[in-house]
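Working through the structure, step by step
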Amino acid sequence: MCGIVGFISRDKKSKDIKELISMQVELLQHRGPNNKDFYIHKNLALGHTRLSILDLSEKGNQPMHSQCGRYVITFNGEIYNFKDLRRKVKNIHFKTESDTEVIVEYISAFGIQKTLESLDGMFAIGIWDNKKKELTIGRDRFGIKPLYWTIIEGSFFFSSELKTFKLIPRFYPIINKSSLLDLLQYSCVAAPKTIFENIFKLEPGKFISYGENQKLKENEFWNTKSLITNRNIYSNDFTLCKGFIENELEKSIRSTMVSDVPIGAFLSGGVDSSLVTSMMVKFSKRKVQTFSIGFDD
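These numbers come from a predicted model, not from an experiment.

Rules used in this analysis
- Residues numbered from 1 in each chain as written.
- Predicted model: local features only at pLDDT ≥ 70, side-chain atom pairs only at ≥ 80, totals over all residues.
- Heavy atoms only, no water.
- Helix = DSSP H or I, 4+ residues; strand = E, 2+ residues; numbered from the N terminus.
- Expected span 1.5 Å × (residues − 1).
- Buried < 20%, exposed > 50% of the residue type's maximum accessible area, 1.4 Å probe, protein only.
- Arc of directions from axis to C-beta.
- Contact = heavy atoms within 4.5 Å.
- Pairing = 2+ DSSP bridges.
- Axes fitted to C-alpha atoms, helices over the stretch in contact; angles between N-to-C directions.
- Salt bridge = Lys/Arg side-chain N within 4 Å of Asp/Glu carboxyl O.
- Core = buried A, V, L, I, M, F, W, Y, C linked by side-chain atoms within 4.5 Å.

Remarks on helix H7 (residues 271-283)
Across its 13 residues, H7 extends 19 Å between first and last C-alpha, which sits within 8% of the 18 Å expected from 1.5 Å per residue. Residues of H7 that are buried: Ser273, Thr277, Met279 and Met280. Angularly, the buried residues of H7 cover 165° about the axis, an arc narrow enough to put them on a single face. Looking at H7, the residues exposed on the side facing more than 90 degrees away from the buried face are Val271, Val281 and Lys282. On its buried side, H7 packs onto helix H6 (238-255), strand E13 (264-266) and strand E14 (289-291).

If you want it as structure tokens, here you go:
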């Protein structure tokens, strides 16, 4: 995992902006021990801590700029179809083998909405559009990667973790009583709520934009309704259904095994993890490492 953080501040003092983003990045260092950096443009700041998965060189570090200079990205996650997307971007000489560069150049070529719709993977993204003077954050279809946001006195903030908000001047953490009830009843707090008032989880399959005009725009690039169909394409044929599910699982698992570092699997003792691991063994050229975790209590 990586850590992402950023904001558009009403405070124009570059010293204060640099101090805040550097402290926030430092607080997320555990999420990305391989590199940490930030980008500042006037009252905009983006930060990143990197856990290297693809392209382990320094060229893959973030925040990363598009070659046209319009977009800057900070990205946490992994995109499994990035090689397919890369082939669709014309007239670009890619400098890295990373999925991050593919995302930012795909945005440059096709726009943010089309890019988010095309991504197959898990992600939390922050994107600065230097032309529109607009910051956009987006989260993957099932909310695998965390992403939180808030607006405080006209300034917009986002982060991979809640604790970076405590560094913001004029932020006063107040427990959301409704969220507390949810936590006690369901053992979790569902998006868009968090344990704090006025801090929100970005909902899965959605993205929001905030510009210097201080207007918030909420959008959706995917929802579960898009999967619903009245057509029974297999006519209740068990063999065809079984074959379809197996092919889809194999295709999905094979795509997630693209990595420049060793990969492994967690074994819980259940059917799901055993099935995933058996398919990994089928496709892996190396022995698959597996791990199980237990607790004394």
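Next comes the rest of the write-up.
Some remarks on the sheet that holds strand E6 (residues 121-129)
Taken together, the six strands give an open sheet; going across it, the order is E4-E5-E6-E7-E11-E12, and neighbouring strands pair in antiparallel fashion. Strand pairing shows two members of the sheet lacking a second neighbour, strand E4 (64-65) and strand E12 (216-220), which therefore form its edges. With six bridges joining them, E6 and strand E7 (residues 134-139) adopt antiparallel strand pairing. Its bridge partner lying in E7, aspartate 129 is registered against glutamate 134. Across the face of the sheet, helix H3 (residues 99-110) comes into contact with E4, strand E5 (71-79) and E6 while running at roughly 130° to E5.

Examining the pattern of salt bridges
For the coordinates displayed, the defined rule picks out twelve salt bridges. For arginine 86, the salt bridge goes to glutamate 97, with nearest N and O atoms at 3.6 Å. Residue arginine 86 is located in helix H2 (residues 82-88), and its partner glutamate 97 is located in the loop between H2 and H3; the two are separated by eleven residues in the primary sequence. One salt bridge in this structure joins glutamate 248 and lysine 251, with 3.4 Å as the shortest N-O distance.

Concerning the nonpolar core
One finds Ile73, Ile103, Leu116, Leu119, Phe123 and Ile125 to be the most contacted residues of the largest nonpolar core, which totals 24 residues. Every element with two or more residues in this core is listed here: E5, H2, H3, helix H4 (112-118) and E6. For this core, the element with the most residues is H3, which contributes five residues. Not counting the four nearest positions on each side in its chain, phenylalanine 123 is found in contact with Phe75, Asn76, Gly77, Ile79, Leu116, Gly138, Arg139, Asp140, Lys145 and Phe221.

Some details on the pairing of strand E2 (residues 35-41)
Here seven bridges tie E2 to strand E3 (residues 44-50), and the two strands are oriented antiparallel to one another. What sits directly across from lysine 36, in E3, is threonine 49. Counting the residues that bridge the hairpin from E2 to E3 gives two residues, and of these lysine 42 lies at a positive phi of roughly 55°.

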